[in-house]
Amino acid sequence: MAQIPNLDNSPLNLKALREQSQKELVDILRNIRGKKCLVIDPKLSGSISLIIQTTILRENGAELRHLSAEPIQTDCTKVVYLVRSEFSLMRLICSNIHHDMSQGLQREYYVYFAPRREVVCEKVLEEEKVHNLVTIGEYPLYMVPLDEDVLSFELDLANKECLVDGNTSSLWHIAKAIHKLESSFGVIPNVRAKGKASVRIADILNRMQAEDPVNSSDMVMPEINTLILIDREVDMVTPMCSQLTYEGLLDEFLHINNGAVELDPSIMGAQQEGKKMKVPLNSSDKLFKEIRDLNFEVVVQVLRQKATSMKQDYTEMTTTHQTVSELKDFVKKLNSLPEMTRHINLAQHLSTFTSKHSFQSRLDMEQTLVEAQSYDICFDYIEELIQKQEPLVSVLRLLILFSITNSGLPKKNFDHLRRELLHSYGFENMAMLNNLEKAGLLKKQESKGNWLTIKRNLQLVAEDTDTTNPNDIAYVFSGYAPLSIRLVQHAVRSGWRSMEETLRLLPGPHSEMKRGGFSSSSSFDKLHGAPAAVDRVADGRRSLVLVVFIGGVTFAEISALRFLSAQEAMAYDMIIGTTKIINGNTLIETCMEKLGVNL
């Protein structure tokens with residue numbers, strides 16, 4: 001199965017976007033005649049692998065290498081660097097060029113920045129005296145389709161940059177990506193934003209439309225009806241909870257990267273030693289598409305049923321006389337055997353984690369923290385984890401959850417836990433703890449919290465959750481409904497005006513605006529839940545809501561949005577845009593980056 005996702009069933013023509021990105025990259029290579037060595041920044045290569053197959057790059061004369069501190073080994077006289085606009089990468093490029101010069105190698109150098117060039121990067125090239133040897137260009141890759149309903153802006157550090165470093169350059173990038181979508185699919189008439197960064201993006205988007213208007217004269221109606229922008233800061237509770245959907249758990253324990261997991265071949269029943277095995281996970285795999293959003297408890301049952309059914313079919317095949325048509329049906333079922341085997345192996349591996357007593361007790365503690373009514377029990381549990389020296393990130397997730405749901409910790413307790421953390425895990429973690437404080441994830445209590453009011457008003461805790469036949473998004477966490485998705489649910493079903501007071505209790509401002517000169521297909525305050533002719537674009541498809549998360553989204557939240565979209569009363573399809581797919585670990589790890597902390 002190809003790693004590049006199949007986008008044929010996307011509610012928006014994401015295939016055309018991907019083809020455009022392919023064409024732009026191929027054009028860059030074709031414009032540099034002859035053989036060339038394409039040196040790709042390793043982080044960017046994952047995104048490129050979702051856009052274009054390496055065979056196409058090779059067909060266009062490219063020899064492929066990863067950018068590193070090591071000199072480039074190639075016979076090519078033309079070297080093309082494809083990199084993100086990052087200071088550290090410029091140092092590597094300069095080092096490579098200086099090495100070539102010291103060896104007397106004469107080469108032509110090209111540096112293409114994705115998605116755009118930055119002055120600070122060009123300054124480095126000037127300071128290192130290689131600027132005049134380099135031809136500079138841009139590869140405008142602002143977004144990558146991860147699947148038929150998910151777009152990533154590939155901004156790993158957006159959350160940390162905004163909350164810790166005060167660097168808001170990623171907001172322009174996100175607005176630019178949305179503006180590019182508008183140039184293909186029309187000006188989005190309704191925009192709702194919650195959070196500092198989201199409100200700012202909505203403003204930048206308006207400014208972009210004023211300065212570089214999308215020509216909407218030939219469009220009857222825009223394909224995207226509403227844009228909902230949400231800051232991750234608005235809901236930091238959700239990523240700190242353990243995801244309980246199949247895809248969410250795969251990410252928690254195996255870390256899904258660019259639509260695939262890398263794991264030991266023995267997990268998949270293969271014999272090869274040493275080399276990691278890459279297992280693609282996207283909707284091209286029909287079984288994965290069917291089970292990815294289910295609660296893991298249910299996935300195990302579904303796989304068991306399918307395996308039993310296949311076994312019965314096989315028994316019938318070998319013991320009774322079959323018609324040609326029955327044989328054909330059986331062979332068709334056999335075709336799905338590799339997918340079945342793959343997911344049975346993965347589910348079995350996940351079960352080794354989920355069946356542990358420590359996992360169950362952690363889930364119970366998360367539920368207690370979300371309930372925010374047993375302070376002493378939570379405090380003692382976290383203190384015990386620190387004393388046992390459980391993995392630092394794992395402890396911090398619970399501590400952050402504790403801090404948010406209590407609006408911070410009393411000074412005495414805060415100082416005590418901080419001191420315990422540094423004693424147990426080393427004083428080199430001080431900078432990371434400061435980052436978490438700056439981001440507002442860990443703090444001292446200054447006033448009475450409002451979490452209980454938010455929890456009650458948005459009905460975030462469901463008493464009886466049926467994970468087999470769910471009737472609410474709370475199934476993705478077996479009882480906790482993600483706050484972020486509750487906001488989307490209200491925005492789409494009844495508008496935000498009815499919940500102004502609750503919105504004000506959450507971090508950051510909120511805004512609502514109409515734009516673009518189109519009359520909206522439904523009243524702005526309420527996107528009607530019942531399907532109606534006006535909620536369809538010209539060719540009869542349902543209208544679209546684009547939900548964008550600034551600072552990342554978890555797979556469990558994506559599953560909750562898919563669940564909402566699939567409800568009969570819902571008149572809209574949903575597309576998700578995000579700076580990056582995250583979980584609690586990866587979110588915390590960005591605050592540890594560059595500190596050399598051993599996780």
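Residues numbered from 1 in each chain as written. Predicted model: local features only at pLDDT ≥ 70, side-chain atom pairs only at ≥ 80, totals over all residues. Heavy atoms only, no water.

Looking up the chain in an unreviewed UniProt entry gives the name vesicle protein sorting-associated, with the organism given as Salix purpurea. What the UniProt record of the chain gives under Sequence similarities (unreviewed entry) is the line "Belongs to the STXBP/unc-18/SEC1 family." (UniProt positions renumbered as here; feature names shortened; annotations may be inferred.)

Peer 1: What should I look at first to understand the side chain of Arg486 in this one?
Peer 2: By secondary structure assignment, the location of Arg486 is in helix H21 (residues 483-493). A polar side-chain atom of Arg486 sits 3.1 Å from a polar atom in the side chain of Asp472. At a separation of 2.8 Å, a polar atom in the side chain of Arg486 contacts the side chain of Gln489. Sequence-distant contacts of Arg486, defined by excluding residues within four places in its chain, comprise Leu458, Gln459, Leu460, Asp472, Ile473 and Ala481. (Helix = DSSP H or I, 4+ residues; strand = E, 2+ residues; numbered from the N terminus. Polar contact = N/O pair within 3.5 Å; in protein donor to acceptor, adjacent residues only side chain to side chain. Contact = heavy atoms within 4.5 Å.)

Peer 1: In this structure, what is going on with the packing of aromatic side chains? I would like to understand it.
Peer 2: Each pair of aromatic rings is reported with the distance of its centres and the angle of its planes. A complete count under the given rule lists 9 aromatic pairs for this structure. Between Tyr375 and Phe379, the aromatic rings sit 6.4 Å apart at their centres with planes inclined by 15 degrees, giving stacked as the arrangement. With Tyr375 and Phe379 both in helix H16 (residues 375-387), this residue pair falls 4 residues apart, about one helical turn. Judged by relative accessible area, Tyr375 falls into the partly exposed class, the value being 22%. Taken together through their ring pairs, the aromatic side chains of Tyr246, Phe288 and Phe296 make up a single cluster. Over the face of the ring belonging to Trp172 we find Arg116, whose NZ or CZ atom lies 3.8 Å from the ring centre. (Phe/Tyr/Trp six-rings, centres within 6.5 Å; stacked < 30°, edge-to-face > 60°. Buried < 20%, exposed > 50% of the residue type's maximum accessible area, 1.4 Å probe, protein only. Lys NZ or Arg CZ within 6 Å of the ring centre and 35° of its normal.)

Peer 1: Even after reading the chapter, I still don't get the UniProt feature "transmembrane region" (unreviewed entry) in the chain, so can you show me in this structure?
Peer 2: Annotation from UniProt places "transmembrane region" (unreviewed entry) at residues 544-564. For residues 544-564, helix accounts for 48% and strand for 33%, while the C-alpha atoms at its two ends are 13 Å apart.

Peer 1: It is not clear to me how the side chain of Asp251 should be interpreted in this structure. Could you clarify?
Peer 2: With respect to the helices, strands and loops of the structure, Asp251 is situated in helix H10 (residues 246-254). Ignoring anything within four residues of it in the chain, the contact list for Asp251 reads Gln243, Ile256, Phe555, Ile582 and Asn583.

Peer 1: Sorry if this is basic, but what is going on with the sheet that holds strand S1 (residues 36-40) here?
Peer 2: Think of a sheet as strands paired side by side through backbone hydrogen bonds, with each pair either parallel or antiparallel. Read from one edge to the other, the open sheet built from 5 strands follows the order S2-S1-S3-S4-S5, with strand pairing classed as parallel. Strands with a single pairing partner mark the edges of an open sheet, and in this sheet they are strand S2 (62-66) and strand S5 (134-138). Averaged over all pairs of adjacent strands, the angle between strand axes in this sheet comes to 25 degrees, irrespective of strand direction. In this structure, strand S4 (residues 108-114) lies alongside S5, joined through 5 bridges in parallel fashion. By the bridge assignment, Tyr110 is partnered in S5 with Thr135. The sheet contacts of helix H4 (residues 87-102) involve strand S3 (78-84), S4 and S5, and relative to S3 the element is tilted by about 165 degrees. (Pairing = 2+ DSSP bridges. Axes fitted to C-alpha atoms, helices over the stretch in contact; angles between N-to-C directions.)

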